[in-house]
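Results of the structural survey
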Amino acid sequence: MTTSVQQADTVQAELLGLATELAAEMAVPADRRDGAAIRRGWERIELQRRRASALLRRERRRGRDSDAGEARAGHKDVRDRKKALTQLRQRIDMWDQMRDLVARHVAPRRVPIRTARTLATEDGLAILLHNAVYLLANPHTQTPEARAHGCFADIPMPLPQFDMLMIAAYRLLLAQGRTEGARFLDVGSGGGTKVLLASHYFAACDGLEYDTAYAAAGARAMQLVAPETCRVMQGDGLTFEHYGDYDVIYFYRPLNEDALLARLEERIFTQARPGTIILAPYNTSLRPRPDLDGAKVADPVFIAGVSQREADDLRRKAEYTGLEIVRRPRDFPFDTGFWSPILEAAQFNGG
Ligand SMILES: C[S@@+](CC[C@H](N)C(=O)[O-])C[C@H]1O[C@@H](n2cnc3c(N)ncnc32)[C@H](O)[C@@H]1O
């Protein structure tokens, strides 16, 4: 006789097969995707919902009647069965969320790459908090050495504009299929407020700051609020050797002389790996120049080491993604099991 654990395993193995097939359809670029195939793929999964739910209900009833004594005794089979059924319940609870997630991939509409993520960043409260964190993180005035080096003082880019750049970079990474473990660098990070904000989007966020007082304040602030994901290092962007370690590089008006800025831009573009997203929001010489190896996605977003055609293709792909962070299997507090292939392929979240 098949046990309940075996039955649950069978249902879930079938669902995994269906989810894997559907994930392959979802992974096709949006302008070539077969929406009808995605709908059919989901219908096949939907047909299994009743079966899975009925199995769960039956087993819960049976468990209540017979397990109490054995569970108290810590019987291993009972524990295993309970664990398997808990996992099944957690996965069944995701069903509607997954239906919505899949539906969004059928015929996604194109959203320009420079689109603000949400009105929340324009909200007075968010702006107030951003400005407060900026002042608290770095209460220092500029050191004479930094001024003599050609540095601007720590003047913050406004929150709404910054967030728009972050979600643009995130969507480009999503289109490149490499959001996982992404590394962000703010060249000229002041007290580190933007490093902290970037950690909403990227796994590891660094700031590089020339001014010793700013850098010490930024390092302390990051240590205090986000030691796992954020740090600020003291150093000179003009001699920094590690731009090749990053996936997204941002710099906002660090230097007040065009010639120095051109040197910094050239260094970043030369060292950055092909495909690195470079965000350079200021009025400057950074326009497609023959000596910069890269292409423009949309002002002020650039990609290092690719042709203009590749950058255009990537932008188009990214414009078919959503304006939100996509949750992958590891972002859930439990094993997402048969839903995992769909979550891995997703370009939108489930809302
Ligand atoms: C305009 S602030 C930008 C602050 C923050 N990144 C933002 O976007 O809100 C420029 C910062 O770049 C720093 N900076 C200037 N030149 C630098 C260099 N060569 N290396 C590292 N940091 C530099 C300045 O000290 C200043 O803190």
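About the thresholds
Residue indices follow the written sequence of each chain, beginning from 1 at its first position. In keeping with the predicted nature of the model, local features appear solely for residues at pLDDT of at least 70, side-chain atom pairs appear and are counted solely at 80 or more, and the whole-chain, interface and lining totals rest on all residues. Hydrogens and water are ignored here; the side-chain numbers use all heavy atoms of the structure. Each helix is a run of DSSP H or I of at least 4 residues and each strand a run of E of at least 2, with the numbering of both proceeding from the N terminus. Under the scheme applied here, a residue whose accessible area is under 20% of the maximum for its type counts as buried, over 50% as exposed, and between as partly exposed, the area being computed with a 1.4 Å probe on protein chains only. Note on areas: these come from Shrake-Rupley sampling with a 1.4 Å probe, and a residue is covered only by the protein chains present in the view. Charged residues are defined narrowly, with Lys and Arg counted positive, Asp and Glu counted negative, and His plus the chain ends left uncounted. Each charge is placed at NZ for Lys, CZ for Arg, CG for Asp and CD for Glu. Here a salt bridge means any side-chain nitrogen of Lys or Arg lying within 4 Å of a carboxyl oxygen belonging to Asp or Glu. Within 3.5 Å is the distance limit for a polar contact, defined as a pair of N or O atoms, with the added protein rule that one can donate a hydrogen and the other accept it, and that residues adjacent in sequence qualify only through two side-chain atoms. To obtain each axis, a line is fitted to C-alpha atoms, and for helices this fit is confined to the stretch in contact; angles are then taken between N-to-C directions over 0 to 180 degrees. Here the angle decides the label: under 35 degrees means roughly parallel, over 145 means roughly antiparallel, 65 to 115 means roughly perpendicular, and every other value means oblique. Whether two residues are in contact is decided by their heavy atoms, any of which lying within 4.5 Å being enough. Asp, Glu, Lys and Arg are counted as charged, while Ala, Val, Leu, Ile, Met, Phe, Trp, Tyr, Cys and Pro are counted as nonpolar; the rest, among them Gly, fall into the polar class. Cavities and pockets were defined on a 1 Å grid built over protein atoms only: a cavity is a set of grid points that admits a 1.4 Å probe from which the probe cannot escape, a pocket is an open set flanked by protein on both sides within 12 Å along at least five of seven lines, and lining residues are those with an atom within 4 Å of any such point. Grid points are joined across faces, edges and corners, and a volume is the space filled by probe spheres set on the points. Reported domain spans reflect what an automatic or database domain assignment gives. Buried area: the accessible surface (1.4 Å probe) lost by two parts on joining, summed over both. Only the six-membered ring of Trp is used, alongside the rings of Phe and Tyr, when aromatic pairs are assigned; centres must lie within 6.5 Å, and planes under 30 degrees apart are stacked while those over 60 apart are edge-to-face, with the rest tilted. Consider the ring centre and the ring normal. A charge sits over the ring if Lys NZ or Arg CZ is within 6 Å of that centre and within 35 degrees of that normal.

1. Overview of the overall build of the chain
On a plain count of helices and strands, the chain comes out with 14 helices and 7 strands. For the chain, the spread of C-alpha atoms along the three principal axes comes to 80 × 50 × 40 Å. Among the 351 residues that make up the chain, the fraction classed as buried is 49%. Carbon and sulfur atoms provide 52% of the accessible area of the chain, an area that totals close to 17,100 Å². Both charge centroids of the chain, one from 49 positive and one from 47 negative side chains, sit 7 Å from each other.

2. Some thoughts on the side chain of K194
Structurally, K194 can be placed in helix 10 (residues 193-198). No salt bridge is formed by the buried K194. Its closest oppositely charged neighbour is D186, at 7.0 Å. Here the side chain of K194 touches H130 through a polar contact of 3.1 Å, side chain to side chain. A distance of 2.7 Å separates a polar side-chain atom of K194 from the backbone oxygen of M157.

3. Description of the packing of helix 2 (residues 35-46) against helix 6 (residues 95-103)
It is at 11 Å that the axes of helix 2 and helix 6 come closest, and there the two elements cross at 170°. What the angle tells us is that helix 2 and helix 6 run roughly antiparallel. Here I38, W42, I45 and E46 of helix 2 come into contact with helix 6, specifically with W95, M98, R99 and V102. Residue composition of the contact of helix 2 with helix 6, by class: 6 nonpolar, no polar and 2 charged.

4. Considerations on empty space enclosed by the protein
With the rule as written, the count across this model stands at 2 cavities of 30 Å³ or more. Taken as a whole, the largest cavity holds about 410 Å³ of empty space. Along its surface, the largest cavity is lined by 32 residues, and V187, G188, S189, E209 and P254 are the ones closest to its centre. Every element with two or more residues in the lining of the largest cavity is listed here: strand 1 (183-187), helix 10 and strand 2 (204-209).

5. Some remarks on unusual backbone geometry
Omega for the peptide link from D299 to P300 comes to 0°, which places this bond in the cis form. Its location among the elements puts P300 in the loop between strand 6 (294-298) and strand 7 (301-304). A positive phi is found at R253, a non-glycine position, where the angle reads about 45°. Given the relative accessible area of 40%, R253 is considered partly exposed.

6. Concerning the domain arrangement of the chain
Accessible area lost upon the coming together of the parts serves often as the stated size of an interface. Assigned domains of the chain: these are domain 1 (4-108 + 324-345) and domain 2 (119-319). Centre-to-centre, using C-alpha coordinates, domain 1 lies 39 Å away from domain 2. Opposite the 6 residues of domain 1 that make contact, domain 2 presents 8 residues. For the domain 1 and domain 2 pair, buried surface summed over both sides reaches about 580 Å², with 57% attributable to carbon and sulfur atoms. Viewed at the interface, domain 2 and domain 1 are joined by 1 salt bridge. The closest approach of N and O atoms between R330 and E180, which form a salt bridge, is 3.5 Å.

7. Brief notes about the packing of aromatic side chains
In total, this model carries 12 aromatic pairs according to the counting rule given. Ring geometry for F184 versus Y250: centroids 6.3 Å apart, planes at 25°, classification stacked. Of this pair, F184 sits in strand 1 while Y250 is found in strand 4 (residues 248-250), placing the two residues 66 residues apart along the sequence. In this structure Y250 comes out as buried when scored by relative accessible area, which is 1%. With 4.9 Å between their ring centres and 70° between their planes, F240 and Y243 make a pair best called edge-to-face. Taking the relative accessible area as the measure of exposure, F240 reaches 10% and is therefore buried. Chaining the aromatic ring pairs together yields one cluster made of F162, Y170, F184, Y201, F202 and Y250. It is R183 that lies over the ring of Y246; its NZ or CZ is 4.6 Å from the centre. Its end group placed over the ring of F162, K194 keeps NZ or CZ at 5.6 Å from the ring centre.

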